[in-house]
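Summary of the model geometry
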Amino acid sequence: MNKPVLVIMAAGMGSRYGGLKQLDPVGNHGQLIIDYSIFDARRAGFETVVFVIKPEIEADFKAAIGDRISRVMDVKYAYQLKEDLPEGYTVPAGRTKPWGTAHAALAARKLVDGPFAVINADDYYGPEAFREIYEYLAAHPDGDLYEYVMVGYLVKNTVTENGTVARGVCEETEDHCLAQVVERTKIEKGPPPRFTEDDGATWTQLDENAIVSMNMWGFNRSFLDEALARFPAFLDQTLAENPEKGEYFLPTVVSQLINEGKARVKVLRSADKWYGVTYREDKPTVVAAIAEKTASGLYPDQLWEVK
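Residues numbered from 1 in each chain as written. Predicted model: local features only at pLDDT ≥ 70, side-chain atom pairs only at ≥ 80, totals over all residues. Heavy atoms only, no water.

**Considerations on the overall build of the protein**
Let me state the cut-off plainly: The helix and strand labels rest on DSSP assignments: H or I over at least four residues marks a helix, E over at least two residues marks a strand, and numbering proceeds from the N terminus. A radius of gyration in this sense is built from C-alpha atoms; the matching globule rule multiplies 2.2 Å by the number of residues raised to 0.38. Any residue under 20% of the maximum accessible area for its type is buried, any over 50% is exposed, and the rest in between are partly exposed; the area is computed with a 1.4 Å probe on protein chains only. Contacts between residues were defined by any pair of non-hydrogen atoms, one from each residue, lying within 4.5 Å. Accessible surface is estimated by sampling points in the Shrake-Rupley manner with a 1.4 Å probe; for residues, cover comes only from the protein chains shown.
Secondary structure assignment for the protein yields seven helices and 13 strands. The C-alpha radius of gyration of the protein comes to 18 Å, within 12% of the 19 Å expected for a compact globule of 307 residues. For the protein, the C-alpha atoms occupy an extent of roughly 50 × 45 × 45 Å along the three principal directions. Across the 307 residues of the protein, 52% fall into the buried class. Pairs at least 24 apart in sequence give 77% of the contacts found in the protein among residues at least 6 apart. For the protein, the accessible area works out to roughly 13,500 Å², and carbon and sulfur atoms hold 47% of it.

So, in C-alpha cells, the structure goes:
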C-alpha cells in the first residue's frame, strides 16, 4: 500500500480574517501555522504534502512556505477552481468562490492514489493527532467497507472569543465510530457553546464536551471517487437553492456514505486545544501559544533550520 500523504486545504478566501490568513506568520522566525502542522506530520511519517491553493496566490504561497517545505518533503500543488465542474455544468452568475471543502479535496484527485489525510491550512492540530491518523491510515486499507478516520476535538477547545466558527458536530456509535456529523456554520463560545441557524434569532446549546470535526480526516482513495460521483447531485440542488454560496462539505459526503452503509469512520480523540486564525483578533493568542510550545521544547525555534 502507498504511504499516506498529507493534503492541505489552503485556498480559502479569508473573508472574516481580512486577508490571506494561511500566509500570516505566527512563529519567532516568520513561521506560519501550516509550518507547525507540516513539522508534526513529517515526524509522524508523512513524506509527501499536496497544497490545494488558488492559482492567484501561487507565487506568494511558494515564497512564504512552499519552497521552504520542498527542501524537506515532496511537495505538490493542486488548484481549486470554481470552474472545476462536471461536464454540462457552468459557474452561475454571481458565484465568486469555489465549492467548499469536498471540492477542495477533489482538486487533489489526480495527485492522490492511496490513503491521505486532509487538514485546514490555518488550524493548529497538535502532534498527537498526526501520529494517530498516520498510524491508522497505514494499517487500515478498505475492506468490505471503506475504512476512514477522523480526529475529533472537544467543542470547548475549538471556539474563539472573537466571533463564530464553523464546526462539524459529531455523534458516535458505542465502538467510537462516527454515526453522523452535522455542519454548524455559526458556533460561538458562550458559555456554554451554542449555535444558530438563523443569524442569531435563536440559539441551541451544545455540551461543552461534544466532539466536533476540525476537518482533520483520513481517507483512502475511494473517498475521492465517491465525492466526484456525488458532486452532480450536490450541484443540482445547490444551483436551484443557493447558487452563489452553497458549499460541498467533506462531512456531507462522509455522512452519506455512513448512512448508506458503505463506510466506517473511526473517531480518534484529541485533548489538545485548537489554535487558529478565523479572525484577525485571534492572532495574538496563536502567537503566544506557539511561543509557549517552543519554549517548552515541543518545537525547535527554527523548525526547518532556515530563517
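**Topic: the nonpolar core**
Operational definition: For the purposes of this section, nonpolar cores are sets of buried Ala, Val, Leu, Ile, Met, Phe, Trp, Tyr and Cys residues that join through side-chain atoms within 4.5 Å.
If you look at the biggest cluster of nonpolar residues, it comprises 50 residues, and the most contacted ones within it are Phe51 and Phe61. The leading source of residues in this core is helix 1 (residues 33-44), at seven residues.

**Comments concerning helix 5 (residues 222-241)**
Going by this rule: In this scheme, a helix's expected span is set at 1.5 Å multiplied by one less than its residue total. In this scheme, the bend at a residue equals the angle between the axes fitted to the seven residues that finish there and the seven that begin there.
Over its 20 residues, helix 5 runs 29 Å from end to end, which matches the ideal 28 Å to within 8%, given 1.5 Å per residue. The largest bend along helix 5 reaches roughly 35° and is located at Arg230, with the proline Pro232 sitting one to four residues downstream. Within the sequence span of helix 5, burial applies to Ser222, Phe223, Leu224, Glu226, Ala227, Arg230, Phe231, Phe234, Leu235 and Thr238. Buried residues along helix 5 sit in contact with helix 3 (101-106), strand 4 (116-120), strand 6 (146-154), strand 11 (211-219) and helix 6 (250-259).

**As for the packing of helix 1 against helix 4 (residues 127-139)**
Stated formally: In this description, a line fitted to the C-alpha atoms serves as the axis of each element, helices being fitted only across the stretch in contact, and the angle between N-to-C directions of two axes falls anywhere from 0 to 180 degrees. In this scheme, roughly parallel covers angles under 35 degrees and roughly antiparallel covers those over 145, while 65 to 115 is roughly perpendicular and the rest are oblique. Each crossing gets its hand from how the near helix is turned against the far one by less than a right angle, where anticlockwise is left-handed and clockwise is right-handed. When residue character is reported, Ala, Val, Leu, Ile, Met, Phe, Trp, Tyr, Cys and Pro are called nonpolar, Asp, Glu, Lys and Arg charged, and the others, Gly included, polar.
Running from N to C, helix 1 and helix 4 cross one another at 40°; their axes reach a closest spacing of 8 Å. Between helix 1 and helix 4, the angle falls in the class oblique. Considering the relative orientation of helix 1 and helix 4, their crossing is right-handed. Residue-level inspection shows Ser37, Asp40, Ala41, Arg43 and Ala44 of helix 1 in contact with helix 4, the latter providing Pro127, Phe130, Arg131 and Tyr134. Looking at side-chain class alone, the contact of helix 1 with helix 4 contains five nonpolar, one polar and three charged residues.

**Topic: helix 2 (residues 58-69)**
With twelve residues, helix 2 should reach 16 Å at 1.5 Å per residue; the first-to-last C-alpha distance of 14 Å falls well below that figure. Along helix 2, the residues classified as buried are Phe61, Ile65, Gly66, Arg68 and Ile69. In this structure, the buried residues of helix 2 make contact with helix 1, strand 2 (48-53) and strand 3 (74-79).

**Examining the state of the cysteines**
What counts here: For the purposes of this analysis, a disulfide is any pair of cysteine sulfur atoms at a distance within 2.5 Å.
Under the counting rule described, the total for this entry stands at zero disulfides. Between Cys170, a free cysteine, and Cys177, which holds the nearest cysteine sulfur, the sulfur-to-sulfur gap is 12 Å. Judged by relative accessible area, Cys170 falls into the buried class, the value being 10%. In this structure Cys177 comes out as buried when scored by relative accessible area, which is 9%.

**Section: the pattern of salt bridges**
The test is simple: By definition, a salt bridge exists where a carboxyl oxygen of Asp or Glu is found within 4 Å of a side-chain nitrogen of Lys or Arg.
Evaluated as defined, the whole model comprises 17 salt bridges. The salt bridge involving Arg230 is made with Glu260; its shortest N-O contact spans 2.7 Å. Taken together, the residues span a long stretch of sequence, with Arg230 in helix 5 and Glu260 in the loop between helix 6 and strand 12 (263-270) at a distance of 30 residues. Residue class for Arg230 comes out buried when judged on its relative accessible area of 14%. When its relative accessible area of 45% is taken as the criterion, Glu260 is described as partly exposed.

**Comments concerning the side chain of Arg230**
So the rule is basically this: For the purposes of these results, a polar contact is taken to be a pair of N or O atoms within 3.5 Å, where, inside protein, one atom must be able to donate a hydrogen and its partner to accept one; residues adjacent in sequence count only when each atom of the pair is a side-chain atom.
A distance of 2.7 Å separates a polar atom in the side chain of Arg230 from a polar atom in the side chain of Glu260. If we skip the residues at most four places from it in the chain, Arg230 touches Tyr248, Val253, Gln256, Leu257, Glu260 and Lys262.

**Considering the side chain of Thr294**
With respect to the helices, strands and loops of the structure, Thr294 is situated in helix 7 (residues 283-295). Judged by its relative accessible area of 14%, Thr294 is buried. If we skip the residues at most four places from it in the chain, Thr294 touches Asn28, Tyr36, Tyr299, Pro300 and Asp301.

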